[in-house]
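Observations on chain architecture
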Amino acid sequence: MYTWDLSALFKDEKELEKFSEEVDKECKNFQKKYENNFENLSENDVIKALEIYENLNEKLVKIMTYAYLKFAADTNTGGFYAKYNEKCTKIEQNLVFFELKFNELPKQKQDKIIAKTPKFAYYLSNLQKQKAHQLSIKEEKILLRTSNTGAQAFARLFDESLSAIKFDFKGEKLNEEEILSKLHSHDRQERKIAAQSLSDGLAKHQKLLTFIYNMIKTDLNTKCELRNFKLAEESRHLDNQIDKKSVDALIKAAENSFDLPIKYYEKKRKILAYDKLYDYDRYAPLATSDKKYDYETCKKIVLKTFSDFSPKFGEIAKNAFENGWIDVYPNASKRGGAFSHSATSDAHPYVLLNHTDEIGDLFTLAHELGHSVHQSLSYSVGYLNSDTPLTTAETASVFCEMLTFDSIKSSLSKQELASLLAKKLEDIFATLYRQINFTTFERAIHAYEGEISSEKINEIWLRESQKMFGKSVILNDYYKIWWSYVPHFIHTPFYCYAYAYAQLLVLALFGLYKSGKFENFVEIYTKFLSSGGSKSPKELISMFGFDIDDEKFWQIGLNEIKKMLDEFEELL
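I will try to describe carefully the structure that is included in this document. (Residues numbered from 1 in each chain as written. Predicted model: local features only at pLDDT ≥ 70, side-chain atom pairs only at ≥ 80, totals over all residues. Heavy atoms only, no water.)

The next point concerns the layout of surface pockets. By volume, the second largest pocket is sized at about 390 Å³. Taken together, 19 residues form the lining of the second largest pocket, with Asn221, Ala232, His446, Ala447 and Tyr448 sitting closest to its centre. The set of elements that each furnish at least two residues to the lining of the second largest pocket consists of helix 11 (206-226) and helix 22 (433-447). Per-element tally for the lining of the second largest pocket: the top contributor is helix 11, with 5 residues. (1 Å grid on protein atoms, 1.4 Å probe; cavity = no way out; pocket = protein on both sides within 12 Å on 5 of 7 lines; lining within 4 Å. Points joined across faces, edges and corners; volume = space filled by probe spheres on them. Helix = DSSP H or I, 4+ residues; strand = E, 2+ residues; numbered from the N terminus.)

Sheet strands associate in pairs through backbone hydrogen bonding, adopting either a parallel or an antiparallel arrangement. Reading across the sheet, the 3 strands line up as 3-5-4 and stay open at both edges, with mixed pairing between neighbours. Every interior strand has two partners, whereas the edge strands, strand 3 (326-327) and strand 4 (339-341), have only one. Relative to strand 5 (residues 350-352), strand 3 runs parallel, the two being bridged by 2 bridges. Each residue of the ladder has a partner; that of Ile326, found in strand 5, is Val351. Where helix 17 (residues 359-378) meets the sheet, it contacts strand 3, strand 4 and strand 5, and its direction lies at approximately 20° from that of strand 4. (Pairing = 2+ DSSP bridges. Contact = heavy atoms within 4.5 Å. Axes fitted to C-alpha atoms, helices over the stretch in contact; angles between N-to-C directions.)

This part takes up the packing of aromatic side chains. Tallied over the full model, the rule gives 60 aromatic pairs. On the basis of an interplanar angle of 55° and a centroid distance of 5.2 Å, the ring pair of Phe80 and Tyr84 is categorised as tilted. In this pair, Phe80 and Tyr84 are both assigned in helix 3 (residues 78-92), 4 residues apart and thus about one turn of the helix distant. Side by side, Phe80 and Tyr84 carry an identical accessibility label, which is buried. Put simply, the rings of Phe306, Phe309, Phe313, Phe399, Phe510, Tyr513, Phe518, Phe521, Tyr525, Phe528 and Phe544 pair up and form one aromatic cluster. Over the face of the ring belonging to Phe80 we find Lys70, whose NZ or CZ atom lies 5.9 Å from the ring centre. A cation over a ring is seen here: Arg188 above Tyr274, with NZ or CZ 3.7 Å from the ring centre. (Phe/Tyr/Trp six-rings, centres within 6.5 Å; stacked < 30°, edge-to-face > 60°. Buried < 20%, exposed > 50% of the residue type's maximum accessible area, 1.4 Å probe, protein only. Lys NZ or Arg CZ within 6 Å of the ring centre and 35° of its normal.)

Mapped onto the fold, Asn175 is located in the loop between strand 2 (172-174) and helix 9 (176-181). With a relative accessible area of 8%, Asn175 lands in the buried category. Setting aside residues up to four positions removed in sequence, Asn175 forms contacts with Ile165, Lys166, Phe167, Pro330 and Asn331.

For the structure on display, the rule yields 3 cavities of 30 Å³ or more. In this structure, the largest cavity encloses a volume near 60 Å³. Around the largest cavity sit Arg282, Arg434, Asn437, Phe438, Trp461, Ser465, Met468, Phe469 and Tyr479, which together line it. When contributions to the lining of the largest cavity are tallied by element, the ones reaching two or more residues are helix 22 and helix 23 (454-466). The biggest single contributor to the lining of the largest cavity is helix 22, with 3 residues. Here the lining of the largest cavity is composed, by residue class, of 5 nonpolar, 2 polar and 2 charged. (Nonpolar A, V, L, I, M, F, W, Y, C, P; charged D, E, K, R; others polar.)

Counting 130 residues, the largest nonpolar core has Ile326, Leu369, Tyr433, Trp482, Tyr525 and Ile561 as its most contacted members. For this core, the leading source of residues is helix 25 (residues 497-515), giving 11 residues. Excluding residues that lie within four positions of it along the chain, Leu369 makes contacts with Val302, Phe306, Ala317, Ala320, Phe321, Ile326 and Val351. Counting 56 residues, the second-largest nonpolar core is a separate cluster that includes Leu56, Phe71, Tyr81 and Ala343. (Core = buried A, V, L, I, M, F, W, Y, C linked by side-chain atoms within 4.5 Å.)

Count 3.6 residues to each turn of an α-helix, and residues three or four apart come out pointing the same way. Helix length check: helix 3 (15 residues) gives 21 Å between terminal C-alpha atoms against 21 Å at 1.5 Å per residue, within 8%. The set of residues buried in helix 3 consists of Gly78, Phe80, Tyr81, Tyr84, Asn85, Cys88, Thr89 and Ile91. The buried residues of helix 3 all sit within an arc of 165° when viewed along its axis, so they share a single face. Where helix 3 is buried, its residues contact helix 1 (13-34), helix 2 (43-73), helix 7 (137-146) and helix 8 (151-164). (Expected span 1.5 Å × (residues − 1). Arc of directions from axis to C-beta.)

In total, this model carries 38 salt bridges according to the counting rule given. Note that Glu569 is salt-bridged to Lys263, the shortest N-O span being 3.4 Å. In this pair, Glu569 sits in helix 28 (residues 552-571) while Lys263 sits in helix 14 (residues 259-272), placing the two residues 306 residues apart along the sequence. The exposure class assigned to Glu569 is partly exposed, which follows from its relative accessible area of 24%. Salt bridges linked by common partners bring Glu233, Lys244, Asp248 and Arg443 together as one network. (Salt bridge = Lys/Arg side-chain N within 4 Å of Asp/Glu carboxyl O.)

Below is the structure:
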């Protein structure tokens, strides 16, 4: 089975429509019963209302999951997606009052409620922190009602536009995923043509893509003004349950270690015997091989890797492969990239891939199924607690990539191992250093006063992108518009540092796992993932003896990268 089976959500659109109508009635009844009398509710009644509120929110997510997955698999179904986006937005207006009314209660009563409900204690404590940035119920309803014509609308336009672009390549018309895969070709000329083709294709749409980005920038700026956030990134830190100081420390640690990628790419240039290394050479394989990692091969590797680490991980992966969780191959109107959508506890996560038989696809499969494992385990703490902050959301995905990498190392020759180490280092650099560059790029864009031109965005992108390479890689002038295909800038501003955060965290955890110092590592790690978002990142990480506020924390992961780089250099 290579496509999704959405029947775990709804067997057809008729059932979806009927369910939506029922949820609409339930939400209206909820508002009628609780909104105008909220301050008079007993503590136990508030907790009972909270349980209903959780259930109703999960039902809305179920509706939107079905609509979004249909759209992701076929972006021509934008009208269907928009219909249910609008429908759910209207229904959700009936629930807006709940969190606002809770924060209007006297602090003493809030604290008593929190003390009485350990299940929701952390969720409610975080809710208290949102009070300074909440508006009135009427204002919140207006923002919710207009959200579909704001940033969400431009994000949809971005997805539809990117999926429609075709890139010329040797007489063929390729989509985004297919042209990006050519940047990993063994043939240097092919990589060069692919890089130029990607740039030429994006350049034709740069006016539109710049406009979309400006609308995202303006929308976020407006929301920050309304919600009393001083910086564009501040709301993301609040959601991630960390502060700017921690992010600054992460960025500083990464930028202070740019010598690691620079050293690697200088070594790679020598191995390839090139006078200069260009942007299209970054992912050049070190070994000439026609080996393809078809989906069935990747499936076997990942299933064995997960099962060897933990029977529970293996069981979840097996369910994913056998029960229609995964949409595997690219097609003309499918969304690019990859993701694992948590969906709802009465169904299961859904994984989108765009598999093109490259080795990178093996690690993408492991990454997204790592998310699925995390999401499946976190169902146990309930919907409101299962939403993991981005700071720990990437933990399982990147860890499972490392497990898969480690599992295939021993079966390789010296040359193959060196090639794989190179690939893994490049993946780490993309997950860590490139995401830091993305973050500093976003900081500069969102700090810019007023609408920003394509030329200025291009200038900032090229400047920030060059930092991690120094003089080891030459970025051609056409590279300056490659910001325009990165979906996180549009869908989730300031998402990207979470990848870097998770990468260093995982490297530290993986080093701990491989050291054998934690005999019950798998047990603790499973508990870590099963906690979802019911505990703070600081508390979760403390399970392994790490202190998130210690500046030395980041260095632990960086040392693991250095070890891997040293191993690579010893092989060649």
